Amino acid sequence: MLMCRSLLLTWVLLTARVRSQSWRPCTDLLPLDLLTRALPRPDQVLPTQLQMVQSRGSRGLRLGGVSSTTLSFPASQIFTNCDLFPSEFSLVATIKIPRLRQKRNEYVFSVVEEESDSLLLGLRVSENSLHLLVTHPGVGRRSRMTFKDVGLDDNRWHTVVLAVTGPYTTLTVDCGLPLELKQVQSFPSTLSTRESRLFIGSRRRMRGRFSGLLRQLVLLPGSDATPRLCPSANPSLAELSVPQILKSNPLQPDHQGPVYPYEAEARVTTGNPPRCSGPEQGQLWFNTRRRDLFICDGLTWRTLLQNKERLDYVEDYQDLYTSSETFDVEVFSIPSEGLFMAAANRDSRPGSGIYKWRDGSFQLYQNISTQEARAWKHFTIEDKIFLVVANSKEAEPELSVIYRWNQRRRRFLRHQTLETHSALDWEAFQIHNDSFLVVANHRRARDSNHNIHSVIYRWSPNTKLFEVNQTLSTSGAYDWEFFSVGPYYFLVVANTFDGQTTTISSTVYVWLNSCFQTFQSIPTIGATDWETFQIDGRFFLAVANSQMISDRGPSLYSINSTVYELNTLTETFIRFQDILTHSAVDWEFFTIGDNKFLVVANSHDGSSYSLNSVVYRWQGYEGFVAVHSLPTFGCRDWEHFSTEEGSFLVYSSATSRLSKVFRLRTY
């Protein structure tokens, strides 16, 4: 009897050991790149109609023309230890889907039983919805979990993570807030994949094939993939496992393996320069008049092909009569609307004018009530268009106003007011994903103090308003200029007057530790404007010095303005060139063909406002050399712009209602 008990105990222990050693999950608990597995190996024949497409800067595969059975493989290739689909898993897909018609369904992924053609599991998209379909074993009942209003079919890239755990199904789109659904019945733990195939972009049938672009399709058994992808610097293209063919250059001559038919989506537009931001990256703009071709790099239009022009002469083009004296003009474009110019006018009634370029000239489009406006600044946040005015009238409370373009009414409407102090300028800029505004507060009304704070505001995505972010001490601040050098961001202020003298320092600030800190102080004389520009990889700053106030004699208006160059060894801006100017209040840098120019706004020489403002051309070692003298009267600001009719300069007059537009004739 004792012997029998001993044998029985030994058999139980051996059985338990065998079972503990033989149990393994049906597949490795690692990301399974389903798209790579479905693509042909280097030694296989390339499927016909399979295309690699670059869209918005990223590549994906277009599967619409491929046979529904081509991109598939047996489930046994990934479920090697057993044939059960994991009951807990997540699917990661990066997709770009065009707008879908009503009642149209397209499969991103499916598991189909080969003999019966029955759908076991499917990930499907329809108009504004995402569906997960599963057939429960035994009862044969098919359940569907639907996430509505997810906005995937908007012709933009999206990365979705669908995680399944028990009765819960969670969807995360572009690393946003997760959406969760709970089912009455948990995901089946006995869903057999025996003698079934995995299909990419179809359900094995011609109907319901995926018509968009597919960049990534990954199955992660046993866990939610969201923490592996998020947060991400580019959440719509977050990567867990992307096929190498979609990450490498498709045109490499030494590329090994199949060569995919390749195309890049590009929309070529004509007319005025269209919007250029992240979504437009890779799009083309053709200037029909100049026969130039440009590509959007996500920030600016870069030249691909250019018909080299040279400046020949300057001609008088348009007399622009404004409602009152004009201190500043801001030229900007609104997509699908055209070219506009905002004029900062002195008088409060009727205020400042917004002009639109129509039939080859600027024509009044809208009046906006302002209080001795001194400057306008145009900027965009995402797809919203704004204008901010610097009101300088010293009346309590002193308020400057932000206006927002209303697409329906096609007008600028008041969006937000901000307290300012004799504001003379606004600068708008972006650092990483944050949008900022900085105001040049010139003088406080109640005590006429010029030594006050200018304020940096940051846009709050939650409130959709600007909020105070930082204050900087300034002395009669007149102008701000933002620029970047490599990975560094800078702000420079033009300090004009400290209450006693105009011979003071203006300050360059650098962005460090999430705020601006002093980088360099530069001696200036009544500084009124900074202009930053690059030439052949060299970085320059030009200051407009307006006047030297002296206790010993009359004020001096004919003084040097200075161009500084960034010395990368000393990491400071050093004097490059002095240029004699006459109460200079603005510089404008522009290019025509390969030639670079600066034009100065000479406003006063001590006795007259009728002066020549001068255009200087860059001539390398010689620096900037005067090439054209343009008669102006009380010139306050210059702006360069281009239209289908050509290249132009417009100047505003602070002493007359007459501003002028000049055409730059080229050959």
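Just so it is clear, the model here is predicted, and its values are computed rather than measured.

### Comments concerning the overall build of the protein
Alright, step 1. Tallying secondary structure elements over the protein gives 3 helices and 47 strands in all.
Alright, step 2. Whereas a compact globule of 667 residues would reach a radius of gyration of roughly 26 Å, the protein reaches 33 Å, over 25% beyond that.
Alright, step 3. On the principal axes, the C-alpha backbone points of the protein span a range of 125 × 60 × 50 Å.
Alright, step 4. Every one of the 667 residues in the protein was classed for burial, and the buried ones make up 52%.
Alright, step 5. Carbon together with sulfur atoms contributes 48% to the accessible area of the protein, which is approximately 31500 Å² in total.

### A look at the environment of S211
Alright, step 1. For S211, the location among the structural elements is in the loop between strand 13 (196–200) and strand 14 (213–221).
Alright, step 2. Looking at S211, the relative accessible area reads 29%, which means it is partly exposed.
Alright, step 3. Considered as a pair, S211 and L100 are 111 residues apart in the sequence and their alpha carbons are 9.3 Å apart.
Alright, step 4. Those residues in contact with S211 that lie beyond four places of it in its chain are P98, L100 and E106.
Alright, step 5. One polar contact links S211 to E106, side chain to side chain, over a distance of 2.8 Å.

### Concerning the nonpolar core
Alright, step 1. Among the nonpolar cores identified, the biggest contains 52 residues, and L34, F85, F109, I200 and L219 are the most heavily contacted of them.
Alright, step 2. Ignoring sequence-local partners within four residues, the contact set of L219 consists of L30, P31, L32, L34, I78, F79, F85, F89, S90 and L91.
Alright, step 3. Counting residues in each nonpolar core, the second largest holds 18 residues, with Y478, V485, I522 and F573 among its members.

### Description of the pattern of salt bridges
Alright, step 1. Here the structure, examined in full by the defined rule, presents 23 salt bridges.
Alright, step 2. Here D434 ties to R458 by a salt bridge, and the two come within 3.7 Å at their closest N and O atoms. Here R458 lies in strand 31 (residues 451–460) and D434 lies in strand 30 (residues 434–441), a separation of 24 residues in the sequence.
Alright, step 3. The partly exposed category is assigned to D434, whose relative accessible area is 31%.
Alright, step 4. For R458, a relative accessible area of 32% puts it in the partly exposed group.

### Let's talk about the state of the cysteines
Alright, step 1. The tally for this structure, following the rule as stated, stands at 2 disulfides.
Alright, step 2. Put simply, C276 and C296 are joined by a disulfide, and their sulfur atoms are 2.2 Å apart. Across the S-S bond linking C276 and C296, the dihedral sits near 90°, which makes this disulfide right-handed. Of this pair, C276 sits in the loop between strand 16 (268–269) and strand 17 (284–287) while C296 is found in strand 18 (residues 292–296), placing the two residues 20 residues apart along the sequence.
Alright, step 3. The exposure class of C276 is buried, given its relative accessible area of 15%.

### With respect to the pairing of strand 34 (residues 488–495)
Alright, step 1. Summarising burial for strand 34: 7 of the 8 residues are buried, a large majority.
Alright, step 2. Both strand 33 (residues 477–485) and strand 34 contribute to a ladder of 8 bridges, which runs antiparallel. Counted as the bridge partner of A477 is N495 from strand 34.
Alright, step 3. Hairpin connection from strand 33 to strand 34: 2 residues lie between these consecutive antiparallel strands, with G486 at a positive phi of about 60°.
Alright, step 4. Taken together, the 3 bridges between strand 34 and strand 35 (residues 503–512) define a ladder with antiparallel strand orientation. Considered in strand 35, the bridge of L491 is made with Y509.

### Digging into the packing of aromatic side chains
Alright, step 1. One pass over the full model with this rule turns up 48 aromatic pairs.
Alright, step 2. Judged by centre distance (5.9 Å) and plane angle (15°), the ring pair of F332 and F340 falls under stacked.
Alright, step 3. Owing to a relative accessible area of 4%, F332 belongs among the buried residues under this scheme.
Alright, step 4. Measuring from ring centre to ring centre gives 5.9 Å for F429 and F516, while their planes differ by 80°; the resulting arrangement is edge-to-face. Here F429, found in strand 29 (residues 423–431), pairs with F516, found in strand 36 (residues 515–525); they are 87 residues apart in sequence, far enough to count as distant. The residues F429 and F516 share a single accessibility class, namely buried.
Alright, step 5. Sitting over the ring of F327, R374 keeps its end group 4.2 Å from the ring centre.

### A closer look at the sheet that holds strand 24 (residues 361–368)
Alright, step 1. Across the sheet, which stays open at both edges, the 4 strands sit in the order 21-22-23-24 with antiparallel pairing between neighbours. Lying at the two open borders of the sheet, with one neighbouring strand each, are strand 21 (326–334) and strand 24. The mean angle between the axes of side-by-side strands here comes to 25°, regardless of whether they run parallel or antiparallel.
Alright, step 2. Summarising the sheet, strand 21 and strand 22 (residues 338–345) pair through 8 bridges and their orientation is antiparallel.

### Focus: the sheet that holds strand 39 (residues 558–567)
In a beta sheet, neighbouring strands are held together by backbone hydrogen bonds and run either parallel or antiparallel to one another.
Alright, step 1. What the 4 strands build is an open sheet, ordered 37-38-39-40; its pairing is antiparallel. On the outer flanks of this sheet lie strand 37 (527–535) and strand 40 (572–582), each paired with one strand and no other. Each neighbouring strand pair of the sheet contributes to a mean axis angle of 20°, computed without reference to strand direction.
Alright, step 2. Two elements, strand 38 (residues 538–545) and strand 39, share 4 bridges in a ladder whose sense is antiparallel. The residue bridging F540 from the neighbouring strand is E565, located in strand 39.

### Structural notes on the side chain of S72
Alright, step 1. By secondary structure assignment, the location of S72 is in strand 4 (residues 72–74).
Alright, step 2. At 3.2 Å, the side chain of S72 forms a polar contact with the side chain of R197.
Alright, step 3. Contact partners of S72, with chain neighbours within four places excluded, come to A38, R197, L198 and F199.

### Details of the pairing of strand 35
Alright, step 1. Counting buried positions along strand 35 gives 7 out of 10 residues, so the element sits mostly inside the fold.
Alright, step 2. Where strand 35 meets strand 36, 10 bridges bridge the pair, whose relative direction is antiparallel. Bridge assignment links L512 to a residue of strand 36, and that residue is C515.
Alright, step 3. Between strand 35 and strand 36, which pair antiparallel in sequence order, lie 2 residues; one of them, N513, sits at a positive phi of approximately 55°.

Rules behind the numbers
Numbers given to residues run from 1 along each chain, matching the order in which its sequence is written. This being a predicted model, a pLDDT of at least 70 is required before a residue's local features are given, and a value of 80 or more before pairs of side-chain atoms are given or counted; all residues contribute to the totals for chains, interfaces and linings. The basis for the side-chain values is all heavy atoms of the structure; hydrogens and waters are excluded. Strands here are runs of E lasting at least two residues and helices are runs of H or I lasting at least four, both read from the DSSP assignment and numbered beginning at the N terminus. Between the two quantities, the radius of gyration covers C-alpha atoms and the globule rule is 2.2 Å times the number of residues to the power 0.38. Categorising residues by exposure relies on relative accessible area from a 1.4 Å probe, with only protein chains included: less than 20% of the type maximum marks a residue as buried, more than 50% marks it as exposed, and the intermediate range marks it as partly exposed. Residue burial considers only the protein chains on display, and all accessible areas are found by Shrake-Rupley using a 1.4 Å probe. Contact definition: two residues touch when any of their heavy atoms are within 4.5 Å. Any N or O atom pair separated by 3.5 Å or less is treated as a polar contact, with the protein-specific requirement of one donor-capable and one acceptor-capable atom, and with residues adjacent in sequence counted only for side-chain atom pairs. What makes a nonpolar core is a set of buried Ala, Val, Leu, Ile, Met, Phe, Trp, Tyr and Cys residues whose side-chain atoms join them at distances within 4.5 Å. Counted as salt bridges are all cases of a side-chain nitrogen of Lys or Arg within 4 Å of a carboxyl oxygen of Asp or Glu. Working definition: a disulfide is two cysteine sulfur atoms within 2.5 Å of each other. For two strands to pair, DSSP has to find at least two bridges joining them. Ring pairs are drawn from Phe, Tyr and Trp, using the six-membered ring of Trp, whenever the two centres fall within 6.5 Å, and their geometry is named by plane angle: stacked under 30 degrees, edge-to-face over 60, tilted for the rest. For a Lys NZ or an Arg CZ to count as sitting over a ring, it must be within 6 Å of the ring centre and within 35 degrees of the ring normal. Axis geometry follows a simple rule: fit a line to the C-alpha atoms, using only the stretch in contact for helices, then measure angles between N-to-C directions, giving values from 0 to 180 degrees.

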